[in-house]
Amino acid sequence: MKFLCLDCDEQMQFAERQVPGDGTFAAAFRCPRCGRSVALLANPMETQLVGSLGVKIGGRTLDAPPLEMVRSAIQGRDDAFVEDDRARRSVWSGAAEERLSRVPTFVRGMVKRIYADYAAQHGIAEITPEVMDRARGDLGLEGM
Amino acid sequence: MSFRTYHEVAGPDGSGIAEQVGAQRARVQSRLRSVRRIVAVMSGKGGVGKSFVTAHLAAALARSGRAVGVLDADFNGPTAAGLLGAAGPLRIGDEAVEPRSGVNGVRCVSMAHLLEEGRPLAFRGPQAESFIWRGALEAAALREFLGDVAWGELDYLLVDLPPGLQRLNELCDLLPSPPDVLTVTIPTAESRDAVRRALRAAVERDALALGLVENMVGPQFPGDAGRVLSEEFGIPVLARIPWHPTPDTWHRLAERM
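Residues numbered from 1 in each chain as written. Chains lettered and ligands numbered in written order. Predicted model: local features only at pLDDT ≥ 70, side-chain atom pairs only at ≥ 80, totals over all residues.

Visitor: Help me get a handle on the overall build of chain A, residues and values and all.
Guide: Along its length, chain A carries five helices and eight strands. Going residue by residue from the N terminus, the α and β elements of chain A occur as β-β-β-β-β-α-α-β-β-α-α-β-α. Seen along its three principal axes, the alpha-carbon backbone of chain A occupies a region of about 55 × 30 × 25 Å. Taking the contacts inside chain A whose residues are at least 6 apart along the sequence as the reference set, 55% of them involve residues at least 24 apart. (Helix = DSSP H or I, 4+ residues; strand = E, 2+ residues; numbered from the N terminus. Contact = placed C-beta atoms within 7 Å.)

Visitor: Residue-level account of the sheet that holds strand E3 (residues 13-18) of chain A, with values.
Guide: All names here are of chain A. Taken in spatial order, the three strands make up an open sheet running E3-E4-E5, and their pairing is antiparallel. Of all the strands in the sheet, the pair left with one neighbour each is E3 and strand E5 (37-42). Averaged over all pairs of adjacent strands, the angle between their axes in this sheet comes to 25°, without regard to strand direction. Bridge analysis of E3 against strand E4 (residues 25-30) gives five bridges, and the strand direction is antiparallel. If you follow Arg-17 over to E4, its bridge partner there is Ala-27. (Pairing = 2+ DSSP bridges. Axes fitted to C-alpha atoms, helices over the stretch in contact; angles between N-to-C directions.)

Visitor: I'd like a description of the environment of Glu-98 of chain A, backed by residues and values.
Guide: Within the element layout of this structure, Glu-98 of chain A appears in helix H3 (residues 94-101). The class of Glu-98 of chain A is exposed, set by 11 C-beta atoms lying within 10 Å. (Buried ≥ 20, exposed ≤ 12 C-beta atoms within 10 Å, placed from the backbone.)

Visitor: Requested: an account of the interface of chain A and chain B, with residues and values cited.
Guide: Across the contact, 41 residues belong to chain A and 42 residues belong to chain B. Counting residues per element, the ones that place at least two in the side of chain A that touches chain B are E3, helix H1 (44-52), helix H2 (68-73) and strand E6 (81-83) of chain A. In terms of residue count, H1 of chain A provides more of the side of chain A that touches chain B than any other element does, five residues in total. Considering only residue class, the side of chain A that touches chain B consists of 20 nonpolar, 12 polar and nine charged. Here three bridges tie E6 of chain A to strand E3 (residues 90-92) of chain B, and the two strands are oriented parallel to one another. Following the sheet pairing, Phe-81 of chain A is matched in E3 of chain B by Leu-90 of chain B. (Nonpolar A, V, L, I, M, F, W, Y, C, P; charged D, E, K, R; others polar.)

Visitor: If you had to explain the domain arrangement of chain A to someone new, which residues and values would you point to?
Guide: It is common to give the size of an interface as the accessible area lost on bringing the parts into contact. Residues and elements named next belong to chain A. Parsing chain A into structural domains produces domain 1 (1-56) and domain 2 (60-144). Between domain 1 and domain 2, the C-alpha centre-to-centre distance is 24 Å. In this complex, domain 1 contributes nine residues to the contact, which on the side of domain 2 involves 10 residues. Elements with a minimum of two residues in the side of domain 1 that touches domain 2: E3 and H1. (Domains from an automatic or database assignment.)

Visitor: Please set out helix H7 (residues 225-233) of chain B residue by residue, giving values where relevant.
Guide: Residues and elements named next belong to chain B. Among all positions in H7, only Ala-225, Gly-226 and Leu-229 are buried. Buried positions in H7, seen along its axis, are confined to an arc of 95° and lie on one side of it. Against the buried residues of H7 lie strand E7 (180-185), helix H6 (189-204), strand E8 (208-217) and strand E9 (237-242). Remark: Gly-234 follows H7 within two positions and exhibits a positive phi of approximately 65°. (Arc of directions from axis to C-beta.)

What follows is the structure, encoded as structure tokens:
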């Protein structure tokens, strides 16, 4: 998928991604010549379809964790996985822990690991709800 | 209004979708490098005992010293984990999921490991127009079961396919080269006709047809589907499984593999 600025005949560049949490996603693209921006707004069905391909609009910044799509997409049992404890070594604020507790158990371990990796990669000492919001947008974590 | 088309705009797409898909394929390829032989157990017909054959063949191969894995690709009717005594949680690490060990050390991953008892495979998110994306999600699940499971060194990875042809086609698309196929039929004319289509599809995908297993042989299901298909496709009937097979039945099939 490419976006072309018709006025400049210039390919627009990916700028940012947003996941509002309602099953949709948005991606912004900017013309490097004139600065004009457009937003791609995908409805829930389109979002689901993109998700089913296991790709991220705007590209990936982290490698996909094991069974990423399966764990994100299916309604699975709470005790399906035994996790290693790597993600538990990161520091979580109380509010972040509370928000994480609302993630379904089936997928919580993977979500926790993704946020921990994001924090480590960005030199973030403590994971807070604000860090989670930023990571969601940066990584395209729809529904996480 | 006239403007350039996708291919006329020379720059890569900002998402690198092709690269992401390429990375997915590379992951599958890399993971399966340690697997000597991938065998899809297929039929094209439901209810002929594919999973039963898969599980007993896997156990027999393992009993004779081979390292064997079973990928249960029947996501909507998963039974392999139960048949192999491999139920329970999956251990998940940084890079991969560990398959569960079952009878004779057969390694198994199944959708049954992930679903609540008695619950169907269901996806989160909007259900509208689900026929559009459901197939893509199941294909992605197959890709992840191939590429994200630490199968390790295997002599055989048996892939237990559901009825129909869709999963076989997905498997052929995902693997670096088409799998070998072991085809299960029962003796009846109805099974023969359905299995013929599946075998034809497999051959057209350049899969190597190893042979046929004629299951449920006995007076309950009269017919000669195994013989007819064997002659038609020039492949052997590797086993004729009676209603009450013995361990020796499976041992002989394993040896003929």
